[in-house]
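Structural overview
Now for the letters of each chain:
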Amino acid sequence: VEFKSGGTTGELYHLGWVIILLYVIQIVFYRVNDYTAQWRKAVNLRDLEQYIFSRLPLYSYGFFSETHGGALVSQVNRFLKAFDEFDSVVFFDYLEGFSRIALSAGILLVIAPPLGLLLAIWAPIFIFSVAYSSMKKAHITRADAAADSKVIAFLSDAITNMVTIKTFARIQLEIKNFKVI
């Protein structure tokens, strides 16, 4: 069968197989990329957590007696979550978006040069404006994190102190009940 555009059925089948092959290659690369990112993130977070908790015993007793224990744990967890979030945003949002835009601009430069040039000019402007607006709201994010840390610190210390008071308040009853043992 020959089409009005001059192509044949064989060319159409060939194009279909090329599209299927490219789709399979894209799936393989996506899965390898996803696995690599998750593995790298797990290793980095484990190392970071071990480093943080290995440094805690180096602080003085006064530091721990004057600092809310809940605040300290909350800050360590917040630091790990922030690193995880930052890593995800950079790896999946920025790098993936940049690679898609670069590939699209490259293809458009070949197929339709004016559109490719327009995309190549617009993309960096858009990326820098998004990065700039993200940096401008960083102080709001920090203030929110500090307030959240403070609330979690007071709550966790209050809960810990209640458990401690209950434990010490029952010590006479425990001694009386288990004196024989």
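Residues numbered from 1 in each chain as written. Predicted model: local features only at pLDDT ≥ 70, side-chain atom pairs only at ≥ 80, totals over all residues. Heavy atoms only, no water.

**Examining the overall build of the protein chain**
Within the protein chain, the secondary structure is distributed over 6 helices and 0 strands. Among the 181 residues that make up the protein chain, the fraction classed as buried is 12%. A fraction of 66% describes how many contacts in the protein chain between residues 6 or more apart in sequence connect residues 24 or more apart. With an accessible surface of roughly 14700 Å², the protein chain has 71% of that area assigned to carbon and sulfur atoms. (Helix = DSSP H or I, 4+ residues; strand = E, 2+ residues; numbered from the N terminus. Buried < 20%, exposed > 50% of the residue type's maximum accessible area, 1.4 Å probe, protein only. Contact = heavy atoms within 4.5 Å. Areas by Shrake-Rupley, 256 points an atom, 1.4 Å probe, with all protein chains shown as cover.)

**So, a nonpolar patch on the surface**
Together, Tyr 13, Trp 17, Ile 20, Val 24, Val 28 and Val 32 line one region of the surface with nonpolar side chains, adding up to about 650 Å² of accessible area. Along the polypeptide, Val 32 turns up in helix α1 (residues 9–55). (Patch = residues over 30% accessible without salt bridge, like charges linked within 9 Å, V, L, I, M, F, W, Y side chains within 5 Å. Salt bridge = Lys/Arg side-chain N within 4 Å of Asp/Glu carboxyl O.)

**A look at the environment of Leu 80**
Counting through the fold element by element, Leu 80 comes out in helix α3 (residues 69–111). When its relative accessible area of 12% is taken as the criterion, Leu 80 is described as buried. In this structure, the C-alpha to C-alpha distance between Leu 80 and Leu 48, residues 32 residues apart in sequence, is 7.6 Å.

**Let's talk about the pattern of salt bridges**
Scanning the model with the defined rule gives 3 salt bridges in all. The partner of Lys 41 in a salt bridge is Asp 84, with the nearest N and O atoms 3.2 Å apart. Here Asp 84 lies in helix α3 and Lys 41 lies in helix α1, a separation of 43 residues in the sequence. Note that Arg 46 and Asp 47 form a salt bridge whose closest N and O atoms lie 3.1 Å from each other.

**Considerations on α1**
Taking 1.5 Å of rise per residue, the 47 residues of α1 would be expected to cover 69 Å, and the 69 Å separating its terminal C-alpha atoms lies within 8% of that figure. Every buried residue of α1 is listed here: Ala 37, Lys 41 and Ile 52. (Expected span 1.5 Å × (residues − 1).)

**A look at the environment of Ser 133**
Mapped onto the elements of the fold, Ser 133 is located in helix α4 (residues 113–136). Here the side chain of Ser 133 touches Val 130 through a polar contact of 2.9 Å, landing on its backbone oxygen. (Polar contact = N/O pair within 3.5 Å; in protein donor to acceptor, adjacent residues only side chain to side chain.)

**What about the packing of aromatic side chains?**
A complete count under the given rule lists 1 aromatic pair for this structure. Taking 5.0 Å as the distance between ring centres and 15° as the angle between the ring planes, the aromatic pair formed by Trp 122 and Phe 126 counts as stacked. Of this pair, Trp 122 and Phe 126 both sit in helix α4, 4 residues apart, which is roughly one turn of that helix. A residue is classified by how much of its surface remains accessible, and Trp 122, at 42% relative accessible area, is partly exposed. (Phe/Tyr/Trp six-rings, centres within 6.5 Å; stacked < 30°, edge-to-face > 60°.)

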